[in-house]
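Structure at a glance
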Amino acid sequence: MSSKGKILILKLNGKLLSLLIRDNQILSIQVLKHNEYAVGNIYVGKVKNIAENIGAAFVDLGQGYLTFLPLTEAIYACVMNRKPDGRLKTGDEIPVQIVKEPMKTKLAGVTTQLSLSGQYAVVGSRQPAYSDGKGSAQGARTATAESDGTTRQAAADGALGRCHVQVSSKLSKKQQLRFRSIEALQQIAARYRLIVRTNAGELSDDTPLVEEAKQLTEQLDHIIQIADKRTCFSRLYAGRPDYIHFIENTYQTEYDEVVTDIPEIYEVLQETFAGTDTPVRLYEDQMLPLYKLYALETRTKELLDRKVWLKSGGYLVIEPTEALISIDVNSGKCEQGKDKEETVCRINREAAEMIAVQLRARNLSGMILVDFINMKDKTRELQLAEYMRSLLKKDSVTADVVDMTGLGLMEITRKKVNPSFREQYEGRSHT
């Protein structure tokens, strides 16, 4: 069984990186940016235009920075500069939160349902976020399921203190029942959407979870209270640094410590994770820089290559296109045994394992078509699809096997969260 990995935060070739590495293999990586309009930030924006034909509103956050808001959220918006009537109009001033980075030709995405996340919990405004235009959270008591593996449960019984605590479906049934029964969490869930994240399952004591949920609730209370007192384009909340979100969004079962060689970041990490189960260490060996210790120049270059070698001698060819990502599996230098079908099956399973790693490490998303080596036995083909499905469940981003096409290609989907690693590294995510 593989040992746990490490989260590293360092500079490489002038870029600040967060990455998860295990057994000399990068499992996840992000290029950190200093972006004024970062994901998680909350602003009072102004509706510049409404495009009914595509079901969207374009919201200006200031300095002409346009964002994309689905009109399905219009009924949840808190209009600050007029009496709300359930409709969204050009010129309306509304609090919005950035939830998606701009990707290629797409604008950054925003939502009117505000939320704050931590390592163990997410606290969010209900629907509608505001109903009286003065920042008071009222209205429907319904909780929506989030995208990071949470259960899809209705959160309202019709009475204010009987809303359910949402719990990650990746936790055991016993853990789900345990967290839903915590009275302090039930009290928060009566006012806000509350989600208990997968990382909470590693806690031996519920105190860090409860304390974090309370802290997030107080922060969200404050944001809601000041919203209608701020002028248009004001920033109501600045999210925490990207490297903090990277740590919080990584399952604690995957790493045993966070290491950085940057003193300023080490101080922030110490303050942020004080009293938690997340060990933080400052790397200080001047003779052997952290990036050299883990051969990160080589590892990051490998993530930009088309070809990925397998231990068996086979290899993958990964080709991202505008519409989809194609992955071709080849036997390469792999020696054929007496049982050719068994050899093909072994290469395909190894390829499936590497594909799961590469999708996550390169942050490839959308529609992915994989051309595995052809197997005559259709039962083994189905087994390979199930194996691939089980590997994708370990990804913190929603991914799944959809089907096998008529031509024998495996169709995979992976949710788009951030630009691919190549786009981040080469600075092409905003073009």
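First, a word on what this report is: a plain description of the structure on this page.

About the criteria used
Residues numbered from 1 in each chain as written. Predicted model: local features only at pLDDT ≥ 70, side-chain atom pairs only at ≥ 80, totals over all residues. Heavy atoms only, no water. Buried < 20%, exposed > 50% of the residue type's maximum accessible area, 1.4 Å probe, protein only. Helix = DSSP H or I, 4+ residues; strand = E, 2+ residues; numbered from the N terminus. Pairing = 2+ DSSP bridges. Right-handed = clockwise from strand over helix to strand, strands pointing away. Axes fitted to C-alpha atoms, helices over the stretch in contact; angles between N-to-C directions. Contact = heavy atoms within 4.5 Å. Core = buried A, V, L, I, M, F, W, Y, C linked by side-chain atoms within 4.5 Å. Phe/Tyr/Trp six-rings, centres within 6.5 Å; stacked < 30°, edge-to-face > 60°. Patch = residues over 30% accessible without salt bridge, like charges linked within 9 Å, V, L, I, M, F, W, Y side chains within 5 Å. Areas by Shrake-Rupley, 256 points an atom, 1.4 Å probe, with all protein chains shown as cover. Salt bridge = Lys/Arg side-chain N within 4 Å of Asp/Glu carboxyl O.

1. As for the pairing of strand β14 (residues 255–260)
In the case of a regular strand, side chains alternate between the two sheet surfaces. Taken across its 6 residues, β14 has 5 buried, putting it largely inside the fold. Relative to β14, strand β1 (residues 5–12) is paired through 5 bridges, and the arrangement is parallel. Paired with isoleucine 7 across the bridge in β14 is valine 258. With 3 bridges connecting them, β14 and strand β15 (residues 280–282) associate as parallel partners. Bridge pairing in β15 places threonine 260 opposite leucine 282. Remark: the β14/helix α5 (residues 263–272)/β15 crossover connection has right-handed handedness.

2. A look at unusual backbone geometry
With a phi angle near 60°, glutamine 63 is a residue other than glycine that sits in the positive phi range. When you line up the elements, glutamine 63 lands in the loop between β5 (56–60) and β6 (66–70). Residue glutamine 63 is classed as exposed on the basis of its relative accessible area, which comes to 69%. Its identity is not glycine, yet asparagine 363 carries a phi of approximately 55°, on the positive side. Checked against the element boundaries, asparagine 363 lands in the loop between α8 (340–361) and β19 (366–371).

3. So, the sheet that holds β14
Spatially, 5 strands are ordered β3-β2-β1-β14-β15 in an open sheet, and the strand pairing comes out mixed. Single-partner strands in this sheet number two, and they are β3 (25–32) and β15. Strand-to-strand twist of the sheet, defined as the mean angle between neighbouring strand axes without regard to direction, takes the value 25°. Packed on one face of the sheet, α5 meets β1, β2 (15–22), β14 and β15 and runs near 160° to β15. Sitting on the sheet, α8 is in contact with β2 and β3, with an inclination near 10° to β3.

4. Structural notes on the nonpolar core
In terms of nonpolar packing, the biggest core is built from 51 residues, with Phe372, Met388 and Met410 touching the most fellow members. Looking at this core element by element, the count peaks at 10 residues for α8. Apart from residues no more than four positions distant in its own chain, methionine 388 is found in contact with Ala352, Ile355, Ala356, Phe372, Val401, Met410 and Ile412. One finds Cys78, Val165, Leu203 and Ile223 within the second-largest nonpolar core, a separate group that totals 33 residues.

5. Points about the packing of aromatic side chains
For the structure shown, the criterion picks out 5 aromatic pairs. Measuring from centroid to centroid gives 5.3 Å for phenylalanine 421 and tyrosine 425, while their planes differ by 40°, and the two rings are tilted. Residue phenylalanine 421 and its partner tyrosine 425 are both found in helix α10 (residues 421–426); the two are separated by 4 residues, about one turn of the helix. Residue phenylalanine 421 is classed as buried on the basis of its relative accessible area, which comes to 0%. When its relative accessible area of 15% is taken as the criterion, tyrosine 425 is described as buried.

6. Some details on a nonpolar patch on the surface
Where nonpolar side chains cluster on the molecular surface, the patch consists of Ile54, Leu66, Phe68 and Leu107 and spans about 320 Å² of accessible area. Among the secondary structure elements, leucine 66 is positioned in strand β6. Look at leucine 66 and you get partly exposed, because its relative accessible area is 35%.

7. Topic: the environment of aspartate 228
Here aspartate 228 shows up in the loop between α3 (207–227) and β13 (235–237). Among the residues examined, aspartate 228 registers a relative accessible area of 32% and is labelled partly exposed. Sequence separation of aspartate 228 and isoleucine 94 is 134 residues, and the distance between their C-alpha atoms is 9.1 Å.

8. Re the sheet that holds strand β17 (residues 315–320)
The 6 strands are arranged β16-β17-β18-β19-β21-β20 in an open sheet whose pairing can be described as mixed. Of all the strands in the sheet, just β16 (307–309) and β20 (399–404) have a single pairing partner and so form its edges. Going across the sheet, the axis of each strand differs from the next one's by a mean of 25°, ignoring polarity. Pairing of β20 with strand β21 (residues 410–414), which is carried by 5 bridges, proceeds in the antiparallel orientation. Its bridge partner lying in β21, methionine 404 is registered against methionine 410. Taken strand by strand, α8 contacts β16, β17, β18 (325–330), β19 and β21, and its axis lies near 150° from that of β18.

9. Structural notes on the pairing of strand β7 (residues 93–100)
Of all 8 residues making up β7, 6 are buried, and the element is well covered by its neighbours. Note: strand β4 (residues 42–51) against β7, 5 bridges, orientation antiparallel. By the bridge assignment for β7, glycine 45 is matched with isoleucine 94. Alignment of β7 against strand β8 (residues 108–111), held across 3 bridges, turns out to be antiparallel. If you follow isoleucine 98 over to β8, its bridge partner there is valine 110.

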